[in-house]
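A look at the structure
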Amino acid sequence: MDFRKVPLKRPSDVASFEEYLNYYLKRKNWSQSRLAVCSRIPQPQINKIFNSRINNIEVDILVCICLALQLNVKESVDLLARASRAISPASPCYHAYYELIELYSKKEPVYDKVDNFLVEADEYLRKRKLPRLPSDI
């Protein structure tokens, strides 16, 4: 019997937001609890997101998820679209969010400090006089 790890199959192009979210979670080999800590989103809210019990997820919450999962810009834009959301070019946060997504997709995570994973993002936004990302909503 061959016990090698089976490669993770990417969801189809028409897969749901939840299917892609689960795919990205499995790709990092994370639990929903780990995502909750790293994204600073309370566990009950993460559960509701994964179980499709929240409509109209706020963009900044989705950005926290994208940063925590270290998705690249293309993956992030796609995930937001699957949640029927987008970062508006009219938003003052637009360019900063995209820059953060780009930076975090290449960032080497420090896993012993997962609860501080987004502190740098907050500082980045603060320097640009923009609101920090949500924390313990």
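Residues numbered from 1 in each chain as written. Predicted model: local features only at pLDDT ≥ 70, side-chain atom pairs only at ≥ 80, totals over all residues. Heavy atoms only, no water.

In this structure, Leu-35, Leu-67 and Leu-69 are the most contacted members of the largest nonpolar core, which totals 45 residues. Those elements that provide at least two residues to this core are α1 (17-28), α2 (32-39), α3 (43-50), α4 (59-68), α5 (73-82), α6 (94-106) and α7 (119-127). Per-element tally for this core: the top contributor is α4, with nine residues. When near neighbours in sequence (up to four residues on either side) are disregarded, Leu-69 contacts Leu-21, Tyr-24, Leu-25, Lys-28, Trp-30 and Leu-35. (Core = buried A, V, L, I, M, F, W, Y, C linked by side-chain atoms within 4.5 Å. Buried < 20%, exposed > 50% of the residue type's maximum accessible area, 1.4 Å probe, protein only. Helix = DSSP H or I, 4+ residues; strand = E, 2+ residues; numbered from the N terminus. Contact = heavy atoms within 4.5 Å.)

Across the interface, α2 lies against α3 with an axial gap of 9 Å and an inter-helix angle of 120 degrees. In terms of their interaxial angle, α2 and α3 are classed as oblique. Where α2 crosses over α3, the two elements pack in a sense that is right-handed. Packed against α2, whose contacting residues are Gln-32, Ser-33, Leu-35, Ala-36 and Ser-39, the element α3 presents Gln-43, Ile-46, Asn-47 and Phe-50 at the interface. A breakdown of the residues in the contact of α2 with α3 according to their chemical character gives four nonpolar, five polar and no charged. (Axes fitted to C-alpha atoms, helices over the stretch in contact; angles between N-to-C directions. Parallel < 35°, antiparallel > 145°, perpendicular 65-115°, else oblique. Left-handed = near helix turned anticlockwise from the far one by under 90°. Nonpolar A, V, L, I, M, F, W, Y, C, P; charged D, E, K, R; others polar.)

In the structure shown here, the tally under the stated rule is seven salt bridges. For Asp-122, the salt bridge is made with Arg-40, and the minimal N-O distance between the two is 2.6 Å. Taken as a pair, Asp-122 in helix α7 and Arg-40 in the loop between α2 and α3 lie far apart in primary sequence, 82 residues in all. Note that Arg-82 is salt-bridged to Asp-78, the shortest N-O span being 2.7 Å. Placement of both Arg-82 and Asp-78 in helix α5 is noted, with a separation of four residues, approximately one turn of the helix. By relative accessible area, which is 25% here, Asp-78 ends up partly exposed. Linked through salt bridges whose partners overlap, the residues forming this network are Arg-40, Asp-122 and Arg-132. (Salt bridge = Lys/Arg side-chain N within 4 Å of Asp/Glu carboxyl O.)

This part covers the side chain of Ser-39. When you line up the elements, Ser-39 lands in helix α2. Ignoring any residue separated from it by four or fewer positions in sequence, one finds Ser-39 in contact with Ile-46, Cys-64, Ile-65, Ala-68 and Leu-118.

Next up on the list: the packing of aromatic side chains. In the structure shown here, the tally under the stated rule is four aromatic pairs. Taking the centre distance of 6.4 Å and the plane angle of 75 degrees together, the rings of Tyr-20 and Tyr-23 count as edge-to-face. Within this pair, Tyr-20 and its partner Tyr-23 are both found in helix α1, separated by three residues, close to a single helical turn. Under the relative-accessibility criterion, Tyr-20 is labelled buried at 1%. Three or more aromatic residues link up through ring pairs in this structure, and these residues are Tyr-20, Tyr-23 and Tyr-24. The residue whose ring lies beneath Lys-107 is Tyr-104, and the NZ or CZ to ring-centre distance is 5.1 Å. (Phe/Tyr/Trp six-rings, centres within 6.5 Å; stacked < 30°, edge-to-face > 60°. Lys NZ or Arg CZ within 6 Å of the ring centre and 35° of its normal.)

Relative to the 18 Å expected for 13 residues at 1.5 Å per residue, α6 spans 19 Å between its end C-alpha atoms, a close match to the ideal helical length. Among the residues making up α6, those that are buried are Tyr-94, Ala-96, Tyr-97, Leu-100, Ile-101 and Tyr-104. On an axial view of α6, the arc spanned by its buried residues comes to 165 degrees, and they lie on one face. Those residues of α6 that are exposed and aimed more than 90 degrees away from the buried face are His-95 and Lys-106. Among the structural elements, α4, α5 and α7 are those in contact with the buried residues of α6. (Expected span 1.5 Å × (residues − 1). Arc of directions from axis to C-beta.)

Shape is all these values report; function is a separate question.
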